[in-house]
Amino acid sequence: MDYSNIDFTLDDAIATITVDRPDRLNALNPQTMQEIEHCIDAIRDDRSIRCVIFTGAGEKAFIAGADITAMVTMSGFEEKTFAYHGNQVLRAFEHLPIPIIAAVNGYALGGGTELALACDLILAADTARFGLPEIKLGIIPGFGGTQRLPRRVGLLRAREMIYTGDMIDAATAYEFGLVNHVYPAAELMGEANALATKIARQAPLGIQQAKAAINGGIEVDLDTGLRFETEAVGLAFSTDDKKEGMTAFLEKREPQFQGK
Ligand code: HXC
């Protein structure tokens, strides 16, 4: 598939997906969502990729939401199809056996905040702004915002953001536990690459099992979650990388993980 709305680069083990519609503040139209889905499918099949960075082109926006020019003429059923597809794409982020870092370089509104919420980690530029302003358009969040935001920041904060549509700045997002770190804008991508490199050096099957245990366990009771973890740790113990990690520790050297 040729991409016209996103840019995909692969540097060693780190893949970077950039939504590339800066004149529309990287708004997500149906074509862009299809390209992101295709890209995630390709990443899943590439065993050399150990970490993904997701960002937006330009200095102003990460993603300013779903594309209002595309949505203005959509019927309820067309919008439902768009929302259903969006939810499938963001669920694919969570099921991808590779971590995704959102590098939020500006406005992350509506679908932009929702997409970031489906990533494993969120780094923000100090210029970033988060929000779910859908209510100001007479609609409500449709890419999981009413579900993931309360789980992340708590009911009261999420209700206020969703009922008012107000944006929060990067410092407030950090205080809410919505982002991992805030950096000066010029340092954001360097920090995202440094974090991705650190993750890429770890045992990939271990990372895969840790992600599955965290994401599988978050919605279930503790006993069920602990069973997920026990299965995952059993699988991690069956890898060559477990032998390498423990042997390297005992031999006082750095491990060389192979993803086997
Ligand atoms: C389409 C958009 C857009 C969007 C910005 N643009 N956001 N086009 N969809 N979501 C366009 C503008 O129309 C404008 O086009 C150009 O990008 C630059 O934006 P400006 O508004 O001129 O910039 P600025 O004044 O700096 O304001 C930035 C902004 C504002 C605060 C981010 O653009 C804004 O409020 N955007 C809409 C944010 C929003 O409501 N997002 C939620 C969408 S609903 P021109 O042609 O004038 O240059 C959603 C639902 C998801 O995400 C779920 C669906 C199922």
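Cut-offs applied
- Residues numbered from 1 in each chain as written.
- Predicted model: local features only at pLDDT ≥ 70, side-chain atom pairs only at ≥ 80, totals over all residues.
- Heavy atoms only, no water.
- Helix = DSSP H or I, 4+ residues; strand = E, 2+ residues; numbered from the N terminus.
- Rg over C-alpha atoms; globule rule 2.2 N^0.38 Å.
- Buried < 20%, exposed > 50% of the residue type's maximum accessible area, 1.4 Å probe, protein only.
- Areas by Shrake-Rupley, 256 points an atom, 1.4 Å probe, with all protein chains shown as cover.
- Lys, Arg positive; Asp, Glu negative; His and termini not counted.
- Charge placed at Lys NZ, Arg CZ, Asp CG, Glu CD.
- Salt bridge = Lys/Arg side-chain N within 4 Å of Asp/Glu carboxyl O.
- Polar contact = N/O pair within 3.5 Å; in protein donor to acceptor, adjacent residues only side chain to side chain.
- Contact = heavy atoms within 4.5 Å.
- Axes fitted to C-alpha atoms, helices over the stretch in contact; angles between N-to-C directions.
- Parallel < 35°, antiparallel > 145°, perpendicular 65-115°, else oblique.
- Left-handed = near helix turned anticlockwise from the far one by under 90°.
- Nonpolar A, V, L, I, M, F, W, Y, C, P; charged D, E, K, R; others polar.
- Pairing = 2+ DSSP bridges.
- Phe/Tyr/Trp six-rings, centres within 6.5 Å; stacked < 30°, edge-to-face > 60°.

## Side note on the overall build of the chain
Turning to step 1, where the next piece is worked out: The secondary structure content of the chain amounts to 11 helices and 10 strands.
Turning to step 2, where the next piece is worked out: For 260 residues, the compact-globule estimate of 2.2 N^0.38 gives 18 Å, and the chain sits close to it at 19 Å.
Turning to step 3, where the next piece is worked out: By its C-alpha atoms, the chain is 60 × 40 × 35 Å across when sized along the principal axes.
Turning to step 4, where the next piece is worked out: Counting all 260 residues of the chain, 45% fall into the buried class.
Turning to step 5, where the next piece is worked out: When the accessible area of the chain is evaluated, it comes to approximately 13600 Å², of which 55% is carbon and sulfur surface.
Turning to step 6, where the next piece is worked out: Placing the 24 positive and 36 negative side-chain charges of the chain at their respective mean positions leaves the two points 5 Å apart.

## Some words on unusual backbone geometry
Turning to step 1, where the next piece is worked out: Phi is positive for asparagine 26, which is not a glycine, with a value near 60°.
Turning to step 2, where the next piece is worked out: One can find asparagine 26 in the loop between strand S2 (14-19) and helix H1 (30-44).
Turning to step 3, where the next piece is worked out: Given a relative accessible area of 0%, asparagine 26 falls into the buried group.
Turning to step 4, where the next piece is worked out: Notably, lysine 252 is not glycine yet its phi reads approximately 55°, a positive angle.
Turning to step 5, where the next piece is worked out: Mapped onto the elements of the fold, lysine 252 is located in the segment after helix H11 (240-250).
Turning to step 6, where the next piece is worked out: Given the relative accessible area of 78%, lysine 252 is considered exposed.

## A word on the pattern of salt bridges
Turning to step 1, where the next piece is worked out: All chains considered together, the criterion is met by 10 salt bridges.
Turning to step 2, where the next piece is worked out: Taken together, the shared-partner salt bridges connect Arg91, Glu94 and Arg148 into one network.

## Brief notes about the side chain of arginine 148
Turning to step 1, where the next piece is worked out: Looking at the element boundaries, arginine 148 is found in helix H5 (residues 145-153).
Turning to step 2, where the next piece is worked out: In this structure the side chain of arginine 148 is engaged in a polar contact, spanning 2.7 Å, whose partner is the side chain of glutamate 94.
Turning to step 3, where the next piece is worked out: Apart from residues no more than four positions distant in its own chain, arginine 148 is found in contact with Leu90, Arg91, Glu94, Leu117, Ala118 and Phe143.

## Focus on the packing of H1 against helix H3 (residues 76-95)
Turning to step 1, where the next piece is worked out: Contact geometry of H1 with H3 gives a least axis separation of 10 Å together with a crossing angle of 25°. Relative to H3, the element H1 lies roughly parallel. Where H1 crosses over H3, the handedness of that crossing is left-handed. Here Pro30, Met33, Gln34, Ile36, Glu37, Ile40 and Arg44 of H1 come into contact with H3, specifically with Phe82, His85, Gly86, Val89, Ala92 and Phe93.
Turning to step 2, where the next piece is worked out: Partitioning the contact of H1 with H3 into residue classes produces eight nonpolar, three polar and two charged.

## Some thoughts on H5
Turning to step 1, where the next piece is worked out: If you check which residues of H5 are buried, you get Gly145, Arg148, Leu149, Pro150 and Val153.
Turning to step 2, where the next piece is worked out: Tucked into the core, H5 has its buried residues touching H3, helix H4 (111-117) and helix H6 (155-164).
Turning to step 3, where the next piece is worked out: Once H5 finishes, glycine 154 follows within two positions and takes phi at roughly 95°, a positive value.

## Thoughts on the pairing of strand S1 (residues 6-11)
On a regular strand, one side chain projects to one face of the sheet and the next to the other, so that they alternate.
Turning to step 1, where the next piece is worked out: Across six bridges, the pairing between S1 and S2 is antiparallel. Residue pairing in the sheet places aspartate 11 in a bridge with isoleucine 14 of S2.
Turning to step 2, where the next piece is worked out: Once S1 ends, the chain turns through two residues before running back antiparallel as S2, passing aspartate 12 with a positive phi of about 60°.

## Thoughts on the packing of aromatic side chains
Turning to step 1, where the next piece is worked out: Within the structure shown, the criterion is met by three aromatic pairs.
Turning to step 2, where the next piece is worked out: Ring geometry for phenylalanine 54 and phenylalanine 62: centres 6.2 Å apart, planes at 65°, overall edge-to-face.
Turning to step 3, where the next piece is worked out: On the basis of relative accessibility, which here comes to 0%, the residue phenylalanine 62 falls in the buried class.
Turning to step 4, where the next piece is worked out: Taking 5.7 Å as the distance between ring centres and 45° as the angle between the ring planes, the aromatic pair formed by phenylalanine 54 and phenylalanine 93 counts as tilted.

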